[in-house]
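# What the coordinates show
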Amino acid sequence: MTKGTNLTDAAVFRAQGIGKSYPGVRANDDVSFSVEAGEIHALLGENGAGKSTLVKMIYGLVRPDDGEMTLNGQPHQPADPRAARAAGVAMVFQHFSLFDALTVAENIALGMENPPHRHALSARIAQVSQDFGLPLNPARRVVTLSAGERQRVEIIRCLLQNPRLLIMDEPTSVLTPQEAELLFATLRKLADGGTAILYISHKLDEIRAHCDRATILRHGRVVDSCDPRAHSARTLAAMMVGGEMRPIDRSGRRTGEVLLQVRALSQPAPTAEGTALKGVTLTLRAGEILGIGGVAGNGQDELLAALSGEVRSAPGTVLLEGADLSRLGPEGRRVAGLLAAPEDRLGHAAVPDFSLTDNTLLTAGARKGLVRKGLIDRPAARAYAADVIRAFDVRTPGPGTTAKALSGGNLQKFVIGREVMQTPRVLAVNQPTWGVDAGAAAAVRQSLLDLARSGAGVIVISQDLDELLELSDRFCALNEGRLSDPVTTEGLTLDRIGLMLGGAHGMEVAHP
Amino acid sequence: MIRLVPRTETPALLQVAIPLLAVLATMLAGGILFGVMGYDPVAAIKTIFWDPLFGPAASYSRPQLLVKAAPLILIASGLAVGFRAGIWNIGAEGQYIVGAITGAAVALAAYPAQGMWIFPAMVVAGAAGGWAWGMVPALLRNWFGASEILVSLMLVYVAQRIAAWMAFGPMKNPEGFGFPGSRNLQQYPPASNPELVAGTGAHWGVVAAAAAVLATWFLMSRHIRGFHLRAAGLAPRAARFAGVRPETLVAFCLGLSGALAGMAGLFEVAGPAGQITDKVGVGYGFTAIIVAFLGRLHPVGILLAGLLLALTYIGGELAQLTMNLPAATVQVFQGMLLFFLLGFDLLTRYRIARRITA
């Protein structure tokens, strides 16, 4: 038995010696832990540590090879998620599965086995949202909801099943600090009512603030189990990655001449759900990291598209070292030295079904000489993919692996590495560490700092305010397509930034 | 109980096995069908799939294989490029007809002039006609967001009406005793597309088909534009990020497949068909869709699938002659082939598992 694991009778859920193998990988090995009623239990680990395999087994998506699980003292062997739900397990996924065109109530009804009549369901949704302080109008269309509100839909969907065990997969990655506080108040209320909560996250500070116990996974095994409140974030991170975390090194940077200028950039919304950019103006100097914060859906994707060249803009709006790039497409901008990495790794920054070798050809063809006169140099592409894999510690069998086979953190390291190793003059990244484990996130952030140190300019668009505080020299907020004036990051507090972003445009406040 | 479970990886072997499986299932289902209709199923299948190549009259039917396969392969090569990019040209039949008309128009305008330039000019005109017919859905999609599937398909019927008008009107043979149809180009040497090597059936269309297979293979596997096409089919946003303009892609794919279909039409009208009639379109443009999918959108696969489908044409005709099988046999076979192919294709994305009851 693993050190510190406490198998008392209060356990709602218990795993004993769980193991699961995939071809070539031992995803889980002899995993034992338990979650008690009324407990918020953190599951900590790097991507690839086996967290998702473990919760997929609990939720009936994957069957364990060996070991036993019990729920409320009964053997728990769900054949599918439906059986798991019937047994009292509910799960809120990191990626929402909601239909934009339908209302909140319709979306919830779709996920139920036997949905009650519409009016009865709306009344129950209103009741649950009242009880748990999750303000939500059942009649609203999902398309009009913020990320935080969408998450509430998923949570209420789960709560209507009266779960014994609620699994939350990285729930705060899309929330503002204020929204996250609201979520924790709800979770605490649920736990006080006797629900066991299994909480997956890589944000060590929030785990330390809100979780009662933490089980730490590394390479598929339980390495420790502890009270996170009794340890520093540094210690927890060290347990997770199996060694001392290297502190982020911000030293040695010096701001130089102006590299990138964006002048009064306005763009209509690309789609009905998109956001129009309204007079965005910014200046980026060599060696500088400019952080752009804001809740998703406020023009982040549109701003990145305008920088990458996916969307061209009016002449004179995007200038790199004095040259007007506004009318150039992505390839022309790459040649000039303006590179970008979009938020969505699978399907935007990389083609999921292509090998890593082929994925280098997506952006590095010109700058790395992988494509000459239209002809693809596959050996050169393979060598470049191997270079990126080596330099950025991408854990994968090799350049021939398809992008979709990589974990989120590893693919993100590859995508960032592919751009950084082209030595851009300016690199713009959107959500560089979204859904990425702590180890990979640290590596990505360090690589951005190193790039800035070498004299390039970096724009980081992110919802993760800790990340922006850690990386950026100056900070702007993007709100409904408008970019605020930059403020120097030094001396800014998280609360103040949170208010700059969320409070500014009428975010709903909890009514406990 | 059995159920379908999504696959994470598709075994490479399956990509080859599924078309073969579909062919076998078609033979089996076809045999059952003939049995029910009162024919000897084994003899019928043998007549369709074996006799054209190795039967008593094979020396007559064998050259027909290349004659029928050439247009199918030429058209399917172009279609497959678009299909890989997620651009669905269903109207190759129309582009084929228009290519035949524009190509023949050059010859009919030149008649009775002699000169080496006439046939090459016809090929260019045929390709240009097909290209122009393909650009109609491309531009409508780019300007108004119209579905290229519907527009290209509807333009087939427009092309058929134009062919009928040409055969009865502007292109009618002045020395044809009032019969509909243009002059026979086989009797006008500078414009004819003869058999290049006696007894093989190989005409210039066969050469063009072989060139198309090589060229599309090169494009899709060696050239960055082919890479962009594949990326656009799998992940359109990633292709855009790489620098692909969707509008350019739509125009390229519909233009290329239109031009190849138009060339196929010209080779046919200058060769085996000989003249523009109201029945210029014989369905190659539609059958080529089956060829493209049966060949897994891969140039080599298309080559093999084109030969197989050509075999069903010849075998079907042979069965009509020798066994009195109905004329629709060929279409039934081609339909079944596509049906089984799409059915078995499910297995590339799902695997069959026995249900485990909870």
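Being a predicted model, the structure only gives us computed values, none of them experimental. (Residues numbered from 1 in each chain as written. Chains lettered and ligands numbered in written order. Predicted model: local features only at pLDDT ≥ 70, side-chain atom pairs only at ≥ 80, totals over all residues.)

Now for the overall build of chain A. If you tally the helices and strands in chain A, you get 16 helices and 23 strands. By principal-axis analysis of the C-alpha atoms, chain A measures approximately 70 × 50 × 45 Å. The buried share of chain A, taken over its 512 residues, is 51%. Sequence separation of 24 or more characterises 69% of the internal contacts of chain A that already satisfy a separation of 6 or more. (Helix = DSSP H or I, 4+ residues; strand = E, 2+ residues; numbered from the N terminus. Buried ≥ 20, exposed ≤ 12 C-beta atoms within 10 Å, placed from the backbone. Contact = placed C-beta atoms within 7 Å.)

Below, the discussion takes up the nonpolar core. Core analysis: the biggest nonpolar cluster contains 257 residues, and B:Ile73, B:Ile75, B:Val291 and B:Ala292 have the highest contact counts within it. No fewer than three residues from each of domain 1 (11–241) and domain 2 (258–346 + 424–505) of chain A sit in this core. Sequence-distant contacts of B:Ile73, defined by excluding residues within four places in its chain, comprise B:Ala209, B:Ala212, B:Val213, B:Val291, B:Ile302, B:Leu303 and B:Gly306. (Core = buried A, V, L, I, M, F, W, Y, C linked by C-beta atoms within 7 Å. Domains from an automatic or database assignment.)

Residue and element names in this part refer to chain A. Reading across from one edge, S12-S11-S14-S15 is the order of the four strands in this open sheet, with antiparallel pairing throughout. Edge positions in the sheet fall to strand S12 (277–285) and strand S15 (323–324), since each has one partner strand and no second. As judged from the three bridges shared by strand S11 (residues 258–267) and strand S14 (residues 318–320), these two strands associate in the antiparallel manner. Looking at S14, one finds that Leu260 is bridged to Leu320. (Pairing = 2+ DSSP bridges.)

Residue and element names in this part refer to chain A. Spatial ordering of the open sheet is given by S6-S7-S8-S3-S9-S10, a layout of six strands whose pairing is mixed. The open sheet terminates on both sides in strands that have one partner only, identified here as strand S6 (89–92) and strand S10 (221–226). Across the sheet, the mean angle from the axis of one strand to that of its neighbour is 20°, orientation sign disregarded. Here strand S9 (residues 213–218) runs beside S10; their pairing, made up of five bridges, is antiparallel. Paired with Ala214 across the strands is Cys226, a residue of S10. Where helix H8 (residues 233–241) meets the sheet, its contacts fall on strand S3 (40–44), S9 and S10, and the angle it forms with S9 comes to roughly 35°. (Axes fitted to C-alpha atoms, helices over the stretch in contact; angles between N-to-C directions.)

All names here are of chain A. Domain annotation for chain A reports domain 1 (11–241) and domain 2 (258–346 + 424–505). One C-alpha centre belongs to domain 1, the other to domain 2; they are set 32 Å apart. With 17 residues of domain 1 at the contact, the number on the domain 2 side is 18 residues. At the level of secondary structure, the elements contributing two or more residues to the side of domain 1 that touches domain 2 comprise helix H6 (177–192) and H8. A per-element tally of the side of domain 1 that touches domain 2 places H8 first, with three residues. When the residues that make up the side of domain 1 that touches domain 2 are grouped by side-chain class, the tally is eight nonpolar, seven polar and two charged. (Nonpolar A, V, L, I, M, F, W, Y, C, P; charged D, E, K, R; others polar.)

Residues and elements named next belong to chain B. Under the 1.5 Å per step criterion, the end-to-end length of helix H1 (residues 12–37) is 39 Å for 26 residues, consistent within 8% with the ideal 38 Å. The largest bend along H1 reaches roughly 25° and is located at Ile18, with the proline Pro19 sitting one to four residues downstream. The set of residues buried in H1 consists of Ile18, Pro19, Ala22, Thr26, Gly30 and Phe34. Looking one or two places after H1, you find Gly38, whose phi comes out positive at around 95°. (Expected span 1.5 Å × (residues − 1). Bend = angle between axes of the 7 residues up to and from the residue.)

Residue and element names in this part refer to chain A. Mean pLDDT for chain A: 86, with 92% of residues reaching 70 or above. Ranking the helices and strands of chain A by mean pLDDT puts strand S16 (residues 338–341) first, with 97, and helix H16 (residues 494–501) last, with 63. Contacts of residues 1–8 to residues separated by more than four positions or lying in other chains number 16 contacts, the stretch itself having pLDDT below 50. A low-confidence stretch, residues 503–512 stays under pLDDT 50, and its non-local contacts, those more than four residues away or across chains, total 14 contacts. (pLDDT = per-residue confidence, 0-100.)

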